[in-house]
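# Residue-level structure breakdown
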2 protein chains.
Amino acid sequence: MNTRQLSELAQQLRVDSVRAAAAAGSGHPTSSMSAADLMAVLLAHHMRYDFDRPAHPGNDRFVLSKGHASPLLYAAYKAAGAINDTELLTFRRLGSRLEGHPTPRRLPWVETATGSLGQGLPVGVGIALAGKRLDRTGYRVWVLCGDSELAEGSIWEAAEHAGYEHLDNLIAIVDVNRLGQRGPTRHGHDLRAYARRFQAFGWHTVEIDGHDVDAVDHAYDEALSTAGQPTAILARTLKGKGVASVQDREGLHGKPLPDPEEAIAELGGVRHLRVEVPHPAAARMLHPAGSGHAELPRYRTGDEVATRDAYGKALAALGTARGDVVALDGEVSDSTRSEFFAKEHPDRFFECYIAEQQLVATSVGMATRGWVPYASTFAAFLTRAYDFVRMASIGGAGINLVGSHAGVAIGQDGPSQMGLEDLAMFRTVYGSTVLYPCDANQTAKLVAEMAGLDGIRYLRTSRGATPVIYSATEEFPIGGSKVLRASGEDRLTVVAAGVTLHEALAAADALDREGIRVRVIDLYSVKPVDRRTLREAAETTGCLLTVEDHREEGGIGDAVLDAFADGHPVPRVVRLAVRTMPGSATPAEQLHAAGIDAGSIAAAARALVETVVVR
Amino acid sequence: MNTRQLSELAQQLRVDSVRAAAAAGSGHPTSSMSAADLMAVLLAHHMRYDFDRPAHPGNDRFVLSKGHASPLLYAAYKAAGAINDTELLTFRRLGSRLEGHPTPRRLPWVETATGSLGQGLPVGVGIALAGKRLDRTGYRVWVLCGDSELAEGSIWEAAEHAGYEHLDNLIAIVDVNRLGQRGPTRHGHDLRAYARRFQAFGWHTVEIDGHDVDAVDHAYDEALSTAGQPTAILARTLKGKGVASVQDREGLHGKPLPDPEEAIAELGGVRHLRVEVPHPAAARMLHPAGSGHAELPRYRTGDEVATRDAYGKALAALGTARGDVVALDGEVSDSTRSEFFAKEHPDRFFECYIAEQQLVATSVGMATRGWVPYASTFAAFLTRAYDFVRMASIGGAGINLVGSHAGVAIGQDGPSQMGLEDLAMFRTVYGSTVLYPCDANQTAKLVAEMAGLDGIRYLRTSRGATPVIYSATEEFPIGGSKVLRASGEDRLTVVAAGVTLHEALAAADALDREGIRVRVIDLYSVKPVDRRTLREAAETTGCLLTVEDHREEGGIGDAVLDAFADGHPVPRVVRLAVRTMPGSATPAEQLHAAGIDAGSIAAAARALVETVVVR
């Protein structure tokens, strides 16, 4: 296309953005209009993409980091012939694929859910890294960013990661329109300010007038001819460009234009140009399907093994069986034990350094390309990436997250290193699976099972060694549990998992010596929870005592109550959990101080049995 | 002190770090030894601090961002005479003030809890901002950072914020010892790499040999004489400096030295030098005590007002009554309505732009100086700062966090903008208070009450207008609830809050017309929860129906069950919550699709009443 045609296409994208928002009665047309020229040139000349085959291994990947500019994206889909004008005007309606912020759940051409700012570039880095080091099919990753979102630290985590990894297949296009939601950004139209920052992180930068289509065209050429570095194109633009009444004006963020008809006329009226998006070269994915059967390590019952060790070894074995498994870590692989995988499969291990948001974002990016990521760090530090986990679930990304050093049981390091909120955090995530093994064989089985699940899968591991109580042949279905102690005279049921499961068994044995029989359930699958077994235990024993190395809210206790939150008769429930702020102490001292050790469990059980008797 | 004396002091800090870790059998001596010279010179010549009066308004503030180097900090306290040698050797023991990572809960000289990397500098920025724009008592803020933690995006959020605010009272001392936990950092000893980054964000930088005490001395002088910019001192150091067997070696992170006695001998033996830390000049805090009685806005029952509007107006009124109240926002003050405060009290409003981690960190920093911060953004985006909230609770910081645009009720913008995990996230935080008002008068009262609470206080507000149902004279005690419908024939109790409370009332009225009486409870205080009222309702009506615009885990449903998790007989409970992934739709369509609107509540109630009858 020549200059005039490119500008015409850009005007069409503006007009269609205005029309979509007008039809919806909401949306962000002005944020779309500023980036219309950037999008038009990309679509017409540089992006290689087959809209009929979104899964084509050679397709470039486009991420709309400024997800609120969705009208521009959908207008581009229309120009490319992917959707028609009628669908464009269903924007933001109930049941429409065209949501306020784009998600891959609904649209095959969307790589990742955006809308929480500062996440598109980090995920784009993950995709570009997959392209460079795993897929090698030559695709490029284009990320359209807003200028406001450059205030997010996650953008600079991503910039650091991309610069260090020399991702020259990554191009960040920054729509510097000077205006955020509330008002002017920190740096306004000072392109240099942004260029200095990207350059400092090892990026090549190009500064242009984002409304000069020829300059945009050349900038993309320069980016594609830049080797060894990612490129950031800093484009000076005007919010609401093309319509005098809104152009470069404050107070108009996220609002349809006041007079759409007049605006459309000012923009030259409705057009129906069709752009031929260049197709990718033939290519095929390199990674094999994940079908191999893993020869998991087997542990002898009675041996003492930390579940984090079992995790690392099982993951290494899984990596041998499945070529599509990759591992990532936040610079603590010697603690999470993902180092075992790294040693055996260095080509599929990705060090993300101390940057948990990028750790999760890289996983999401790789998952979009069909890889099966296992990302690990301390459970406590996964709280750093909660918004990324939330957005990953919105986008339907399938990722495995593994948090080590769970609970007060870590001992002397103290509360900053203790995962005490992780079960609640992950249980609340839509469609998540939450697993908490207590021994090495159980851990190994669950690590392998996780790979086949959908959505966010979380595995919680422990620092200290615990005895192996299950044989290597035992199976642990997701949504199941194990009844480890049961008799006809059970007076109550203790429900525990992980570290506290062993405390519960010790308590049960002590109580047994006193003639008090209690049932013990290993709730290794915290979500989904085994309703049937819990209900049966409640009916037969009348009382449930839950014990967890976690805060009292949102963890195992609440998971157990979930089994009764549908009107089903509820038993008496007593919850033991971490209710104080721990300091430094030995693991045993910590469990005792928190009231979740064997002695505390036995004492609580005795009190409950007595009150039952009294009644 | 002269060069020799400074080096002697540094050696003492090394020796005491080795001794503390040896006594504890754990800890991070090598990470302490690299920074010993930096600490010695700071303590002896530059830091102005009265250890007998940690609350002295003129005291400089020191933050150990690399919190794991706590042995160095405690060794410094001993050298300053704040603790004795006996206490130093209680490091990491049960009951000791000297935790694995320092917290202000235990030690009066610690400003903020650290141990999750990348958080000390952001909080330091908050303290420095308070010093510049609020306290104006001339104190400086010294933050000792590790090099590994510079991979955290939060560090660059902080760098951006500090550079933009020209915080020349802030000095970041970076202990570039080349080695992280697992191994080498990205940039090793390349000081220039870090200098480029800080300079790009507007900082002055100084590169030195961190073991040359004279160079360190001059670097601090240069930092203090730098106007209009924060300074980053990039110090080349060696991990484990001074002990050949561990110096600059990998695999020794977080471990006591193999042979402490030999190491101490190599370091010149145990010393008992005492350093005279320079005292601050006389100064007094400018802000008045928070005693004023707020003239809160009053709303007429029946009027339609969004609780976010009521929040903004109440906060502005509170700011008029209390000179110690400050407000912060993540560049969405026009949506959260903190703009009302900003307009009336511009000198106490802080724009943090789209950087939620820095938003919370700035609040924590200001809280350490006695200010009462209210920080607001979309509830969904507070998930971005969960690790900061977690650490704030560990440090005992008193901050108010306000999340707007809660739940599916926001409508067309879609899931990325919906706070659906916030109640669970904040309920799980130690010592937190979680409030969720349904009308304007209730919101105003709660906003004022929050100021006087301890710990993390969270207020959830809604986007759309809701009818005012309470008179302006009604009181809403924390931990209370309101019974809005009750009769002798109540067949069940509906528990709701915020948006769903109004749906519950509509459902109750519809059911009433059918002759089905239901009790309705407004659970505005989600944590702490009103056990007494919930139990009484359970006993008299036999069944609880909870309804929330939140995920089913960790929210109102679980809060209600908490009232029965101590062995108290539990009623039948049915939970209505958001179980699907919403798309774009109108608020009414969203509430209906999620099954939490009046119609859904009435239908669930009918079904329950019938099953009760059947039994």
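Residues numbered from 1 in each chain as written. Chains lettered and ligands numbered in written order. Predicted model: local features only at pLDDT ≥ 70, side-chain atom pairs only at ≥ 80, totals over all residues. Heavy atoms only, no water.

### Quick notes on the interface of chain B and chain A
Taken together, the contact pairs 102 residues of chain B with 103 residues of chain A. Taking both partners together, chain B and chain A bury about 8600 Å²; carbon and sulfur atoms supply 50% of that area. It is B:Arg182, B:Arg186 and B:Arg384 in chain B that bury the most area against chain A; as a group they hold 10% of the surface buried on that side. At the junction of chain B with chain A, the criterion picks out 16 salt bridges. Partitioned by chemical class, the residues of the side of chain B that touches chain A number 36 nonpolar, 33 polar and 33 charged. (Contact = heavy atoms within 4.5 Å. Buried area = accessible area lost by both parts, 1.4 Å probe. Salt bridge = Lys/Arg side-chain N within 4 Å of Asp/Glu carboxyl O. Nonpolar A, V, L, I, M, F, W, Y, C, P; charged D, E, K, R; others polar.)

### Comments concerning the sheet that holds strand S8 (residues 349-351) of chain B
By way of backbone hydrogen bonds, the strands of a sheet pair with one another, either parallel or antiparallel. Residues and elements named next belong to chain B. Judged by pairing direction, the sheet is mixed, and its 7 strands sit side by side in the order S8-S7-S9-S10-S12-S11-S17 without closing on themselves. Here the strands that pair on one side only, and so sit at the sheet edges, are S8 and strand S17 (525-527). Looking at each pair of strands side by side, their axes are set apart by 20 degrees on average, direction ignored. Sheet analysis places strand S10 (residues 399-404) next to strand S12 (residues 456-460), joined by 5 bridges and oriented parallel. Looking at the pairing, Ile-399 lines up with Ile-456 of S12. Sheet strands in contact with helix H14 (residues 356-368) are strand S7 (325-329), S8, strand S9 (372-378) and S10, and its direction is about 170 degrees off that of S9. Across the face of the sheet, helix H17 (residues 440-450) comes into contact with S9, S10, strand S11 (433-435) and S12 while running at roughly 165 degrees to S12. (Pairing = 2+ DSSP bridges. Helix = DSSP H or I, 4+ residues; strand = E, 2+ residues; numbered from the N terminus. Axes fitted to C-alpha atoms, helices over the stretch in contact; angles between N-to-C directions.)

### Looking at the nonpolar core
Across soluble globular proteins, nonpolar side chains have a tendency to be buried as a group. Ranked by size, the top nonpolar core spans 280 residues in total, and within it A:Tyr374, A:Leu545, B:Tyr374 and B:Leu545 carry the most contacts. Ignoring any residue separated from it by four or fewer positions in sequence, one finds B:Leu545 in contact with B:Leu492, B:Thr493, B:Val494, B:Val495, B:Val574, B:Leu576, B:Ile601, B:Ala604, B:Ala605 and B:Leu608. (Core = buried A, V, L, I, M, F, W, Y, C linked by side-chain atoms within 4.5 Å. Buried < 20%, exposed > 50% of the residue type's maximum accessible area, 1.4 Å probe, protein only.)

### Some thoughts on the domain arrangement of chain A
Domain boundaries assigned for chain A yield domain 1 (3-266), domain 2 (304-467) and domain 3 (482-614). Computed from C-alpha atoms alone, the centre-to-centre distance between domain 1 of chain A and domain 3 of chain A is 52 Å. (Domains from an automatic or database assignment.)

### Describing empty space enclosed by the protein
Residues and elements named next belong to chain A. One pass over the full model with this rule turns up 12 cavities of 30 Å³ or more. Of the volumes computed, that of the largest cavity is approximately 190 Å³. Taken together, 18 residues form the lining of the largest cavity, with Phe-62, Val-63, Leu-73, Tyr-77 and Trp-109 sitting closest to its centre. Here the residues of the lining of the largest cavity are counted per class, giving 15 nonpolar, 2 polar and 1 charged. (1 Å grid on protein atoms, 1.4 Å probe; cavity = no way out; pocket = protein on both sides within 12 Å on 5 of 7 lines; lining within 4 Å. Points joined across faces, edges and corners; volume = space filled by probe spheres on them.)

### Looking at the pairing of strand S4 (residues 204-209) of chain A
All names here are of chain A. Both S4 and strand S5 (residues 231-236) contribute to a ladder of 6 bridges, which runs parallel. Within the sheet, the bridge partner assigned to Glu-207 lies in S5 and is Leu-234. Crossover connection from S4 via helix H9 (residues 213-224) to parallel S5: handedness right-handed. (Right-handed = clockwise from strand over helix to strand, strands pointing away.)

### Quick look at H14(B)
All names here are of chain B. Its 13 residues give H14 an end-to-end C-alpha distance of 19 Å, which sits within 8% of 18 Å, the value for a rise of 1.5 Å per residue. Here H14 has its buried residues at Glu-356, Gln-357, Gln-358, Leu-359, Val-360, Ala-361, Thr-362, Ser-363, Val-364, Gly-365, Met-366 and Ala-367. Where H14 terminates, the next one or two residues include Gly-370, which has phi positive at roughly 95 degrees. (Expected span 1.5 Å × (residues − 1).)

### Things to note about the confidence of the model for chain A
Mean pLDDT over chain A stands at 96; residues scoring 70 or higher make up 98%. Interface confidence for the predicted complex, given as ipTM, is 0.98, next to a pTM of 0.98. (pLDDT = per-residue confidence, 0-100.)

### Quick notes on the sheet that holds strand S1 (residues 61-64) of chain A
Residues and elements named next belong to chain A. Sheet architecture is open: 5 strands sit in the order S1-S2-S3-S5-S4, paired in parallel fashion. With one partner strand each, in any of the chains shown, S1 and S4 form the two edges of the open sheet. Pairs of neighbouring strands in the sheet enclose a mean axial angle of 20 degrees, with direction left out of account. The pairing of S1 with strand S2 (residues 141-146) spans 4 bridges and is classified as parallel. If you follow Arg-61 over to S2, its bridge partner there is Val-141. This element, H9, spans S2, strand S3 (170-176), S4 and S5 of the sheet and lies at about 175 degrees to S4.

### Focus on the packing of helix H1 (residues 3-24) of chain B against helix H4 (residues 70-79) of chain B
Residues and elements named next belong to chain B. Where H1 meets H4, the closest approach of the two axes is 8 Å, and the angle between their N-to-C directions is 120 degrees. The pairing of H1 with H4 is recorded here as oblique in orientation. H1 and H4 meet at a crossing whose hand is right-handed. Where H1 approaches H4, its residues Leu-9, Gln-12, Leu-13, Asp-16, Ser-17 and Arg-19 are matched on the opposing element by Pro-71, Leu-72, Ala-75, Ala-76, Lys-78 and Ala-79. By residue class, the composition of the contact of H1 with H4 is 7 nonpolar, 2 polar and 3 charged. (Parallel < 35°, antiparallel > 145°, perpendicular 65-115°, else oblique. Left-handed = near helix turned anticlockwise from the far one by under 90°.)

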